[in-house]
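Structural description and commentary
What follows is each chain in one-letter form.
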Amino acid sequence: MEFERQLFEETMRNLESRVRDASRTQEIIQDLSVQVESEDGLISMTVGPPGRIRELRFDPRAKRLDLETLAERIMVMVNDASGILQEELSRQIQSLMPDFAADEIMADFRRMNAPPETR
């Protein structure tokens, strides 16, 4: 009976530890962001999970760009930032939870966030 009680208590401690780790990981992921800048430095943005733009800034000289060029640069930056963010998310998850299948989770995340025509 004593062995079962010790085993139960150890199992509960392990479970509580994993829950704390998962909560800490979730907080880190929610706070994670990446900053990117256009090649010419006229546009900068901060992007957080799951690829949401948190901040977008324009240098006053960006007014000289035509709308098509501006839109293209923003799309490139969002795509670049999303890729960097996914890599950073995977790295953070792997460092915080080494036995967790971060690569599989990120592959699922990429599939879920892919355009419908590519799924």
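Scroll up to find the structure this text is about.
What counts and how
- Residues numbered from 1 in each chain as written.
- Predicted model: local features only at pLDDT ≥ 70, side-chain atom pairs only at ≥ 80, totals over all residues.
- Heavy atoms only, no water.
- Helix = DSSP H or I, 4+ residues; strand = E, 2+ residues; numbered from the N terminus.
- Buried < 20%, exposed > 50% of the residue type's maximum accessible area, 1.4 Å probe, protein only.
- Contact = heavy atoms within 4.5 Å.
- Areas by Shrake-Rupley, 256 points an atom, 1.4 Å probe, with all protein chains shown as cover.
- Axes fitted to C-alpha atoms, helices over the stretch in contact; angles between N-to-C directions.
- Parallel < 35°, antiparallel > 145°, perpendicular 65-115°, else oblique.
- Left-handed = near helix turned anticlockwise from the far one by under 90°.
- Expected span 1.5 Å × (residues − 1).
- 1 Å grid on protein atoms, 1.4 Å probe; cavity = no way out; pocket = protein on both sides within 12 Å on 5 of 7 lines; lining within 4 Å.
- Points joined across faces, edges and corners; volume = space filled by probe spheres on them.
- Nonpolar A, V, L, I, M, F, W, Y, C, P; charged D, E, K, R; others polar.
- Pairing = 2+ DSSP bridges.

Take the overall build of the chain next. When you go through the chain residue by residue, the secondary structure sums to three helices and three strands. In sequence order, the secondary structure elements of the chain are arranged as α-β-β-β-α-α. Relative to its 119 residues, the chain shows a buried fraction of 25%. Counted over contacts in the chain with a minimum sequence separation of 6, partners at least 24 positions apart contribute 41%. Per element, the accessible surface of the chain, about 9,000 Å² overall, is 53% carbon and sulfur.

Glancing now at the packing of helix 1 (residues 2-31) against helix 2 (residues 67-96). Packing of helix 1 against helix 2 leaves a shortest axis separation of 10 Å and a crossing angle of 160°. On the basis of their axis angle, the class for helix 1 and helix 2 is roughly antiparallel. Pair helix 1 / helix 2 crosses with right-handed handedness. Along the contact surface, helix 1 presents R24, T25, I28 and I29, while helix 2 presents L89, Q92, I93 and L96.

This paragraph deals with helix 2. Quick reminder: α-helices carry 3.6 residues per turn. Residues three or four places apart thus point the same way. Counted at 1.5 Å a residue, the expected span for helix 2 with its 30 residues is 44 Å, and the 42 Å between its end C-alpha atoms agrees. For helix 2, every residue scored as buried is listed here: L70, I74, M77, A81, S82, L85, Q86, L89, S90, Q92 and I93.

So, on to the layout of surface pockets. Each pocket or cavity is described by its volume, and for the largest pocket that value is around 240 Å³. Contributing to the lining of the largest pocket are V36, E37, S38, E39, D40, T69, E72, R73, V76, M77 and D80. Considering every element that reaches the lining of the largest pocket, the biggest residue donor is helix 2, with six residues. Of the residues assigned to the lining of the largest pocket, the class counts are three nonpolar, two polar and six charged.

Our next topic: the sheet that holds strand 2 (residues 43-48). Taken together, the three strands give an open sheet; going across it, the order is 1-2-3, and neighbouring strands pair in antiparallel fashion. The strands lining the two open edges of the sheet, one partner per strand, are strand 1 (34-37) and strand 3 (52-58). Across this sheet, the average inter-strand angle for adjacent strands is 20°, counted without regard to direction.

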